[in-house]
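Structural characterization, general
Below, each chain spelled out in residue letters.
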Amino acid sequence: MRKMPLSPNLALTMSGNAEFVQRDLAVLWHPCTQMKDHEWLPLVPIRRGRGAWLEDFEGKRYLDAISSWWVNLFGHANPRINAALTGQLGELEHVMLAGFTHQAVVELSERLVEIAPPGLSRCFYADNGSSAVEVAVKMSFHYWRNRGDTRKTRFITLSNSYHGETLGALAVGNVPLYKETYKPLLMDVITVSSPDCYTRESGDDWESHTRKMFTHMEQALAQHHQETCAVILEPLVQCAGNMRMYHPVYLSMLRRACNHFGVHLIADEIAVGFGRTGTLFACEQAGITPDFLCLSKGLTGGYLPLSVVLTGDEIYQAFYDDYPKLTAFLHSHSYTGNALGCRAALATLDIFRDDGVIENNRALAAHMRTAAASLAEHPHVAEIRQHGMILAIELARDRNTRSAYAWQERRGLTVYRHALERGVLLRPLGNVVYFMPPYVITPAEIDLMITVAAEGIELATCD
Ligand SMILES: *Cc1c(COP(=O)(O)O)cnc(C)c1O
């Protein structure tokens, strides 16, 4: 047999990190990044992942404590999801979903309807979280039009909220760092103060603060309900908004008020869905059903881009009529309902069903709480807060006055760099160090993640 030269691909796998970094920086533009930072901030090339760990081209391993931007649930290269995808690959990779359907999308929709809060009986697919938010926003607006109400053109949103980066999603979000520049391009929204419990007065507990903050929402609804299509919010945790949290009572009060004022409720569970807050969906903790439920991120276990908006029959029926009436929802994305994405999602739901995940997570969440407890006394830790599998540590210049470090100091970046050196992937948001690990993490790995974070916090706050 003729001796084959090394294929270029094989040659690549044999080289170290530096080559990839160099080639990357010559041709890529990375998301959410000031590219100039990479003159001194090392880019991390990953060769493979296994369970909660990532590995670079020189064999160094990193514990993925933030689930690769909150998407991974059951580890990298999960054998069960891999097997499901391999099976699907042999049958069908993709088919357009207009006029056509396939087994994976039908099964997934049945399963989602079964496990979602009662009353959500229809699934509309898109291919990422922002697109799901666009779908919910357009559907709500369009519902009111189809019902003959053309006054409703606006949306109510919370301060410090995040719903994605496309223009509609950015408009209904509120994190200034991402939004401010694009303001001239965005629709005008009504912004209500967030129930964020970090801002509560000392002596107030989460519930009473959350109840108090609802008066702002009540007022906004009373004043604007006639022109408002929907309220959109992230149930329980404003994740991109520095992991700020609030009490579930806000959701039950909001459900009641939305019913009273004739306004939709859009629950964006793109980040908090699939067990992150301790229940499969965060809305369960208030026993409510939103009019629209947006899901993505963990939906495919962190494997493939897929999103879905669930809604109820009453809304579905408002679009259902003879074609010439032009009441149909004529929205689509090329990869809507992709078969591989749906199959990964089904395998993910199987794991939830078969492994008692939500129950096991209770022990992991309790372990995180105990392991992080000693940090509560740190002179620059103003708060440790937790909802289920999300735990956040808020750093402050002064823990008593809660005066924040200036953002320009980039304290979180010191934690990030230290953790990388120690083999843990953390990615603090501003002055907030947080953990959102995949559910396959072990108690010993939780200890490592929190020890390393504590070292990083010490380094970042020692001057
Ligand atoms: C990540 C996120 C989005 C946007 O999802 P993408 O897939 O990144 O577009 C929307 N809402 C929330 C709450 C998110 O955390």
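If you're wondering where the values come from, they're calculated on a predicted model, not measured in any experiment.

Quick notes on the rules
Residues numbered from 1 in each chain as written. Predicted model: local features only at pLDDT ≥ 70, side-chain atom pairs only at ≥ 80, totals over all residues. Heavy atoms only, no water. Domains from an automatic or database assignment. Contact = heavy atoms within 4.5 Å. Buried area = accessible area lost by both parts, 1.4 Å probe. Salt bridge = Lys/Arg side-chain N within 4 Å of Asp/Glu carboxyl O. Polar contact = N/O pair within 3.5 Å; in protein donor to acceptor, adjacent residues only side chain to side chain. Core = buried A, V, L, I, M, F, W, Y, C linked by side-chain atoms within 4.5 Å. Buried < 20%, exposed > 50% of the residue type's maximum accessible area, 1.4 Å probe, protein only. Helix = DSSP H or I, 4+ residues; strand = E, 2+ residues; numbered from the N terminus. Patch = residues over 30% accessible without salt bridge, like charges linked within 9 Å, V, L, I, M, F, W, Y side chains within 5 Å. Areas by Shrake-Rupley, 256 points an atom, 1.4 Å probe, with all protein chains shown as cover.

**Digging into the domain arrangement of the protein chain**
Segmentation of the protein chain into domains returns domain 1 (44-77 + 357-460) and domain 2 (82-354). Of the residues lining the interface, 31 residues belong to domain 1; the matching set on domain 2 comes to 31 residues. Of the roughly 2,700 Å² buried at the junction of domain 1 and domain 2 (both faces included), carbon and sulfur atoms supply 62%. At the surface where domain 1 touches domain 2, the tally comes to two salt bridges. A salt bridge links E383 to R200; its shortest N-O distance comes to 3.0 Å. The interface formed by domain 1 and domain 2 includes 15 residue pairs in polar contact (both at pLDDT 80 or more).

**What to know about the nonpolar core**
Formed by 118 residues in total, the largest nonpolar core has its most connected members in L112, M217, M243 and F274. If one sorts the elements of this core by residue count, helix α12 (residues 339-355) sits on top with nine residues. Looking at which domains feed residues into this core, each of domain 1 (44-77 + 357-460) and domain 2 (82-354) supplies at least three. Those residues in contact with M243, other than ones at most four positions away along the chain, are W70, V237, Q238, R385, I390, A392, L429, V432, Y434 and M436. Of all hydrophobic cores here, the second largest spans 25 residues; its members include A126, V133, A136 and F292.

**Structural notes on a nonpolar patch on the surface**
Together, L167, Y182 and L185 line one region of the surface with nonpolar side chains, adding up to about 310 Å² of accessible area. When you line up the elements, Y182 lands in the loop between α8 (176-179) and β6 (190-192). Given a relative accessible area of 40%, Y182 falls into the partly exposed group.

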